[in-house]
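Working through the structure, step by step
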Amino acid sequence: MSTSTVLPSTLKVGLSRTKLEVKEFFREREALIFTFFFPIIFLGIFSAVFGGSSFGGGVTAATYFTPGMIASGIFLSSFQSLSISIAIERDQDLLKRLRGTPMSPQSYFAGKIGLVLTTSILQFALLLLIAGLLLDVAIPTEPEKWLRFIWIFVLGTASGSVLGIAFSVVPKSGKAASAVVTPVVLLLQFMSGVYFVYSDLPGWMRSIASVFPLKWLAQGMRSVFLPDNFVTTEPGGSWQLGTGAIVLSVWLVVGLVIAQRVFRWTRRDAG
């Protein structure tokens, strides 16, 4: 009499994979320090450099750059981290070994996205704690703003994650991954109002940035952490939350479709 083995669901395998990814992440001290402290260090630097600058409405440099650092942290934890780590795992044949298991690509993706959500939440909490205690950044108290933060955070994290998975096939090797991915991230950060006042950037630069998700993620975070009257300093005099939601959702769908089509378990030279 033959018996059939019922395999665990994609979601269950994805949750198990998330636990493993989180454990492995916290064992990597270098990645841990970079992920959690890079945005905090930059926020401290910008607060010191632009401490005497006036941003209008009583907004300090620390307050103005906090939304950009939060958005940048999400993008680093999702797009950059996954693009590099998956390329390295593929180059080291780790993905080739995983291919021999019943785990589907969807479960692998779920594990990576679960890792990004976990690290992004912890990173955000740490940044906000330091910004509030040491840099006198005013933390929003309105429930409406925190609900807005949740959907922006979820959409930004999800779109950045699937785009990172898709972009991981671009580097030809694990060694080249950082050199390929980091310049792309830096360019988007400079053009998206992370390191500069967005309204001060040239119009052509803002036009290019508006195509990509980081600009909308940063602008959405500004709508949460800056005073409501600060909206007048935005191009067009609006936070454009509806447009931002659409752009992030489109990138999420496009990234997911591309990731499903181009994802490889093995290196290119492995056939």
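Heads up: the structure comes first, above all this text.
Ranked by size, the top nonpolar core spans 49 residues in total, and within it F55, Y64, I70, F149, M221 and F225 carry the most contacts. Secondary structure elements with two or more residues in this core: α2 (29–49), α3 (61–91), α5 (105–134), α6 (143–167), α7 (174–191), α8 (203–209) and α9 (213–225). The contact partners of Y64, leaving out residues within four places of it in the chain, are F55, V59, F196, V197, Y198, R222, L226 and F230. Formed by 13 residues, the second largest nonpolar core is a distinct cluster that contains L82, I86, Y108 and F109.

So, about unusual backbone geometry. Residues other than glycine seldom take positive phi values, yet D136 does so here, at roughly 60°. As for its position among the elements, D136 is in the loop between α5 and α6. By relative accessible area, D136 is classed as exposed at 65%. With phi around 55°, Q240 is a residue other than glycine that occupies positive phi space. Structurally, Q240 can be placed in the loop between α9 and α10 (241–262).

Under the definition given, this model contains six salt bridges. One salt bridge connects E89 with K112, and the closest N-O pair in it is separated by 2.9 Å. Taken as a pair, E89 in helix α3 and K112 in helix α5 lie far apart in primary sequence, 23 residues in all. Exposure remark for E89: the relative accessible area of 10% places this residue in the buried category. We classify K112 as buried; its relative accessible area is 2%.

Helix length check: α10 (22 residues) gives 31 Å between terminal C-alpha atoms against 32 Å at 1.5 Å per residue, within 8%. Considered for burial, the residues of α10 that qualify are G244, A245, V247, L248, G255 and A259. Buried residues of α10, seen end-on, are gathered within an arc of 165° and therefore sit on one face of the element. Summarising the geometry of α10, the exposed residues directed more than 90 degrees from the buried face are I246, V253 and R261.

Here the focus is the side chain of E21. If you trace the backbone, E21 turns up in helix α1 (residues 10–27). Taking relative accessible area as the criterion, E21 reaches 3% and is therefore assigned buried. A polar atom in the side chain of E21 sits 3.2 Å from the side chain of K112. Ignoring sequence-local partners within four residues, the contact set of E21 consists of E89, Y108, G111, K112 and L115.

Among the structural elements, V257 can be located in helix α10. A C-alpha to C-alpha distance of 25 Å links V257 and Q189, two positions 68 residues apart in sequence.

This part covers the environment of S16. The residue S16 is located in helix α1 in this model. A sequence separation of 94 residues divides S16 from A110, and the C-alpha atoms of the two residues are 9.6 Å apart.

Okay, the packing of α9 against α10 next. At a closest axis distance of 9 Å, the pairing of α9 and α10 adopts a crossing angle of 140°. By the angle between their directions, the pair α9 and α10 is classed as oblique. Crossing angle aside, the handedness with which α9 passes α10 is left-handed. Across the interface between the two elements, P213, W216, G220 and S223 of α9 pack against L241, T243, G244, V247, L248 and W251 of α10. Among the residues forming the contact of α9 with α10, the class breakdown is six nonpolar, four polar and no charged.

A word on the side chain of S104. Relative to the assigned elements, S104 resides in the loop between α4 (94–99) and α5. Dropping the residues within four chain positions of it, S104 is found in contact with T10 and W265.

Attention now goes to the packing of aromatic side chains. The full count for this structure, using the stated rule, is 29 aromatic pairs. Between F25 and F26, the aromatic rings sit 5.4 Å apart at their centres with planes inclined by 85°, giving edge-to-face as the arrangement. Judged by its relative accessible area of 10%, F25 is buried. When the ring of F79 is compared with that of F167, the centres are 5.3 Å apart and the planes differ by 45°; the resulting orientation is tilted. Note that F79 is positioned in helix α3 and F167 in helix α6, a separation of 88 residues in sequence. Exposure remark for F167: the relative accessible area of 21% places this residue in the partly exposed category. Put simply, the rings of F38, F42, F46, F50, Y64, F65, F190, Y195, F196 and F230 pair up and form one aromatic cluster.

Criteria and cut-off values
Residues numbered from 1 in each chain as written. Predicted model: local features only at pLDDT ≥ 70, side-chain atom pairs only at ≥ 80, totals over all residues. Heavy atoms only, no water. Core = buried A, V, L, I, M, F, W, Y, C linked by side-chain atoms within 4.5 Å. Buried < 20%, exposed > 50% of the residue type's maximum accessible area, 1.4 Å probe, protein only. Helix = DSSP H or I, 4+ residues; strand = E, 2+ residues; numbered from the N terminus. Contact = heavy atoms within 4.5 Å. Salt bridge = Lys/Arg side-chain N within 4 Å of Asp/Glu carboxyl O. Expected span 1.5 Å × (residues − 1). Arc of directions from axis to C-beta. Polar contact = N/O pair within 3.5 Å; in protein donor to acceptor, adjacent residues only side chain to side chain. Axes fitted to C-alpha atoms, helices over the stretch in contact; angles between N-to-C directions. Parallel < 35°, antiparallel > 145°, perpendicular 65-115°, else oblique. Left-handed = near helix turned anticlockwise from the far one by under 90°. Nonpolar A, V, L, I, M, F, W, Y, C, P; charged D, E, K, R; others polar. Phe/Tyr/Trp six-rings, centres within 6.5 Å; stacked < 30°, edge-to-face > 60°.

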